[in-house]
Amino acid sequence: MTWATSSRATCLKGRSSRTLVHDDSGTALVEFALVVPLFALMLFAMIQFGIAFAGWDQLRNRVQLAARQAAMGGLACSTVPACDNAIASNIGDPLGTTGAPTVAFYYGPGSSGPGSYEVVVCAWVSVQDVAGLLKPMTFASTSAFYVEQQAQLPTSSPANCGP
């Protein structure tokens, strides 16, 4: 008997080749090792999507509130950049984003007829990729309110709403 044969015989410990073919020990560990990365990827993708969706929803709601505040006369600013800064500070940092949003503000004659005014607030912000699963994204939101009485806001040119 050669060394390879005796070594193999020692490893088999008296089992025949027929029992080795039908041996199921270790299959659960192999299946677990194959399935866990897929489940982890799906879990982190759901978490990332949830954070991104919550951030988009916060941005949308805060832009609407800021535009309403400006339309109702609750925004105290004398220049367009000051209004942009005041609106950006009112919006804050939505969840899952990289920082304060960029804001474009418009106040001027409305499209609903003479004597009507409108306030348009646009904001956009970059999304923070927590899990490394998303390509770079930017959320944007626009909200417009018509004002029946002229507010004490600086008139500006139409806002460029977009990154």
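Here, the structure is the one placed above.
Rules used throughout
- Residue numbers run consecutively from 1 along every chain, following the written order of its sequence.
- Residue-level local features of this predicted model are given only where pLDDT is at least 70; pairs of side-chain atoms are given and counted only at 80 or more, and the full residue set underlies all totals for whole chains, interfaces and linings.
- To get the side-chain values, all heavy atoms of the structure are used, and hydrogens and water are removed first.
- Being paired, for any two strands, means DSSP has found at least two bridges between them.
- By definition, any uninterrupted DSSP run of H or I lasting at least four residues is a helix, any uninterrupted run of E lasting at least two residues is a strand, and each is numbered from the N terminus.
- Here an axis means a line fitted to C-alpha atoms, over the contact stretch when the element is a helix, while the angle between two N-to-C directions is reported on a 0 to 180 degree scale.
- Here, residues are in contact when the closest pair of their heavy atoms is within 4.5 Å.
- The set of buried Ala, Val, Leu, Ile, Met, Phe, Trp, Tyr and Cys residues whose side-chain atoms join them within 4.5 Å is what this entry labels a nonpolar core.
- Only protein chains enter the accessibility calculation, which uses a 1.4 Å probe; a residue is then buried when its area is under 20% of its type maximum, exposed when over 50%, and partly exposed in between.
- Expected helix span is computed as 1.5 Å times (number of residues minus one).

Draft legend 1. Spotlight on the sheet that holds strand β2 (residues 117–126). Strand order in the open sheet formed by three strands is β1-β2-β3, and the pairing between neighbours is antiparallel. Edge positions in the sheet fall to β1 (102–109) and β3 (138–147), since each of these pairs with one other strand and no more. Sheet twist, expressed as the mean angle between neighbouring strand axes with direction ignored, is 10 degrees. Sheet topology places β2 next to β3; 10 bridges connect them, and they run antiparallel. Bridge pairing in β3 places valine 125 opposite phenylalanine 139. Helix α3 (residues 27–71) rests against β1, β2 and β3 of the sheet, and its axis sits at about 25 degrees to β3.

Draft legend 2. Focus on the nonpolar core. Counting 26 residues, the largest nonpolar core has Leu75, Ile87, Ile91, Phe105, Val119, Val121 and Leu153 as the members making the most contacts within it. Elements with a contribution of two residues or more to this core: α3, α4 (80–91), β1, β2 and β3. Looking at this core, the element that brings in the most residues is α3, giving seven residues. Contacts of isoleucine 87, omitting those with residues within four sequence positions, involve Ala66, Leu75, Val103, Phe105 and Val121. Counting residues in each nonpolar core, the second largest holds five residues, with Tyr106, Val120, Cys122 and Trp124 among its members.

Draft legend 3. The arrangement of α4 in detail. With 12 residues, α4 should reach 16 Å at 1.5 Å per residue; the first-to-last C-alpha distance of 16 Å fits that figure. Of all the residues in α4, the buried ones are Cys83, Asp84, Ala86, Ile87, Ala88 and Ile91. Elements in contact with the buried residues of α4: α3, β1 and β2. After α4 finishes, the residue glycine 92 shows a positive phi value of roughly 75 degrees.

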